[in-house]
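Chains, contacts and geometry: an overview
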Amino acid sequence: MKIRHLILLLIGVGMLFAVFTPAAADDGEQLYQTHCSGCHGMDGQGFRRLYPTLHGSPYFDQKLMQLPCIIQNGLTGTIRLQNGTYNQTMPGNRSLNAEQIALLLRYTSRFSTSGPAEVTTITPEQVEYQLKQCARNTK
């Protein structure tokens, strides 16, 4: 009987740990597949001349701290990248919180011009700060 109780206790603790553990690295990929892949492609390859590829995007290297605002508020107007000019509206996603945006950026930064070795270590706190800054600038 004691072994059975111990096993049940360990299973219960494991379930609690899984619920309260910060999101795993795979969560960034899942967020990307759910919220971004419809336009940017399953592997960030983009979609013809409508939606830009994320591979080699200068945004990860040059505009990383603007990306939280772009993800949350969207982007309109013409953007010029090394592989062409795009003028499709990127819808914002206000349902994503700072932790989710940080996970998403850590996952998508593997597409950067610096390559996979330069995956960003942006934190939820940095994302939150940037979101507050862009909210302040849009008032």
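Overview of the structure. The structure displayed is predicted, hence computed values, not measured ones.

1. A short note on the overall build of the chain
When you go through the chain residue by residue, the secondary structure sums to seven helices and four strands. N-terminal to C-terminal, the α/β element order of the chain is α-α-α-α-α-β-β-β-β-α-α. By residue count, 35% of the 139 residues in the chain fall in the buried class. Look at the contacts in the chain between residues 6 or more apart in sequence, and 55% of them connect residues 24 or more apart. Here the chain displays about 9,200 Å² of accessible surface, and carbon together with sulfur accounts for 58% of that area.

2. Some words on the side chain of Thr 108
Here Thr 108 shows up in helix 6 (residues 98-108). Residues contacting Thr 108, with those up to four places away along its chain left out, are Tyr 32, Leu 54 and Phe 60.

3. As for the nonpolar core
Formed by 27 residues in total, the largest nonpolar core has its most connected members in Leu 67, Ile 101, Leu 104, Leu 105 and Val 127. Mapped by element, the contributors of at least two residues to this core are helix 2 (26-35), helix 4 (58-62), helix 5 (67-73), strand 2 (79-81), helix 6 and helix 7 (124-137). Those residues within four positions of Leu 67 in sequence are excluded, and the remaining contacts are Tyr 59, Phe 60 and Leu 105.

4. Points about the environment of Tyr 107
Considering the arrangement of structural elements, one finds Tyr 107 in helix 6. Tyr 107 gets classed as buried once you look at its relative accessible area, which sits at 11%. Residues Tyr 107 and Asp 26, spaced 81 residues apart in sequence, show a C-alpha to C-alpha distance of 8.3 Å. With residues near it in sequence (within four places) discarded, Tyr 107 still touches Gly 28, Glu 29, Tyr 32 and Gln 33.

Definitions and limits used
Residues numbered from 1 in each chain as written. Predicted model: local features only at pLDDT ≥ 70, side-chain atom pairs only at ≥ 80, totals over all residues. Heavy atoms only, no water. Helix = DSSP H or I, 4+ residues; strand = E, 2+ residues; numbered from the N terminus. Buried < 20%, exposed > 50% of the residue type's maximum accessible area, 1.4 Å probe, protein only. Contact = heavy atoms within 4.5 Å. Areas by Shrake-Rupley, 256 points an atom, 1.4 Å probe, with all protein chains shown as cover. Core = buried A, V, L, I, M, F, W, Y, C linked by side-chain atoms within 4.5 Å.

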